[in-house]
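Structure assessment
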Amino acid sequence: MSAALNTTDYKQLTTAITGNMRKLKAGVPDVIAGFNAMGKAALAPGVLDAKTKELIALAIGVAARCDGCLGFHTQALARLGATREEVNEMLGVAVYMGGGPSLMYAANAVAAFDEALGAQAQ
């Protein structure tokens with residue numbers, strides 16, 4: 001199993017973020033409801049399938065250097081049956097578009113995807 005350079009445990013990170021989001025939702029319920037509605041609409045079935053949309057989301061997470069995005073979107077990709085080859089090819093495009101900083105996060109995305117695949121197998 002690969003190790004991310006910052007040794008982030010993405011499952012632990014997404015669990016912590018989910019707990020913090022519950023607290024944030026209590027303070028700004030309309031904002032969170034709006035964000036959730038936007039996410040549901042963006043990921044709704046259409047011309048692009050769910051896996052393609054999640055690959056796009058992970059590419060943006062890599063380019064934006066968002067650890068939480070790596071955790072959530074690699075977990076979704078593992079659930080959707082994404083292959084190592086699909087993720088690697090998408091990461092190549094993300095690195096091309098984002099340069100060196102995206103390369104560093106692409107390496108971490110590999111670790112997050114490995115972790116998510118391992119969790120799916122359990």
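Quick look at the structure, then. (Residues numbered from 1 in each chain as written. Predicted model: local features only at pLDDT ≥ 70, side-chain atom pairs only at ≥ 80, totals over all residues. Heavy atoms only, no water.)

A short note on the layout of surface pockets
- By volume, the largest pocket amounts to about 860 Å³.
- Along the wall of the largest pocket there are 27 residues; nearest its centre are Phe-35, Gly-39, Leu-43, Phe-72 and His-73.
- Listing elements by their share of the lining of the largest pocket, those giving two or more residues are helix H1 (10–27), helix H2 (29–43), helix H3 (50–64) and helix H4 (67–79).
- Across the lining of the largest pocket, the residue classes tally to 15 nonpolar, six polar and six charged. (1 Å grid on protein atoms, 1.4 Å probe; cavity = no way out; pocket = protein on both sides within 12 Å on 5 of 7 lines; lining within 4 Å. Points joined across faces, edges and corners; volume = space filled by probe spheres on them. Helix = DSSP H or I, 4+ residues; strand = E, 2+ residues; numbered from the N terminus. Nonpolar A, V, L, I, M, F, W, Y, C, P; charged D, E, K, R; others polar.)

What about the packing of H3 against helix H5 (residues 84–121)?
- Remark: H3 packs on H5, axes separated minimally by 8 Å, with the N-to-C direction vectors making an angle of 15 degrees. Compared by their axis directions, H3 and H5 come out roughly parallel. Crossing hand, H3 versus H5: right-handed. Of the residues in H5, those in contact with Lys-51, Leu-55, Leu-58, Ala-59, Val-62 and Ala-63 of H3 are Glu-86, Val-87, Met-90, Leu-91, Ala-94, Ser-102, Tyr-105, Ala-106 and Ala-109.
- Of the residues in the contact of H3 with H5, the class split is 12 nonpolar, one polar and two charged. (Axes fitted to C-alpha atoms, helices over the stretch in contact; angles between N-to-C directions. Parallel < 35°, antiparallel > 145°, perpendicular 65-115°, else oblique. Left-handed = near helix turned anticlockwise from the far one by under 90°. Contact = heavy atoms within 4.5 Å.)

Points about empty space enclosed by the protein
- Counted under the stated rule, the structure contains one cavity of 30 Å³ or more.
- Taken as a whole, the largest cavity spans an internal volume of roughly 40 Å³.
- Along the walls of the largest cavity sit Tyr-10, Lys-11, Gly-71, Thr-74, Gln-75, Ala-112, Glu-115, Ala-116 and Ala-119, which together make up its complete lining.
- It is H5 that provides the largest number of residues to the lining of the largest cavity, a total of four residues.

Details of the pattern of salt bridges
- With the rule as written, the count across this model stands at two salt bridges.
- When the shortest N-O distance is used, the salt bridge between Glu-86 and Lys-51 registers 2.8 Å. With Glu-86 in helix H5 and Lys-51 in helix H3, the pair connects residues that are 35 residues apart, well separated along the chain.
- For Arg-84, the salt bridge identified is with Asp-114, shortest N-O distance 2.1 Å.
- For Arg-84, a relative accessible area of 28% puts it in the partly exposed group.
- The buried category is assigned to Asp-114, whose relative accessible area is 13%. (Salt bridge = Lys/Arg side-chain N within 4 Å of Asp/Glu carboxyl O. Buried < 20%, exposed > 50% of the residue type's maximum accessible area, 1.4 Å probe, protein only.)

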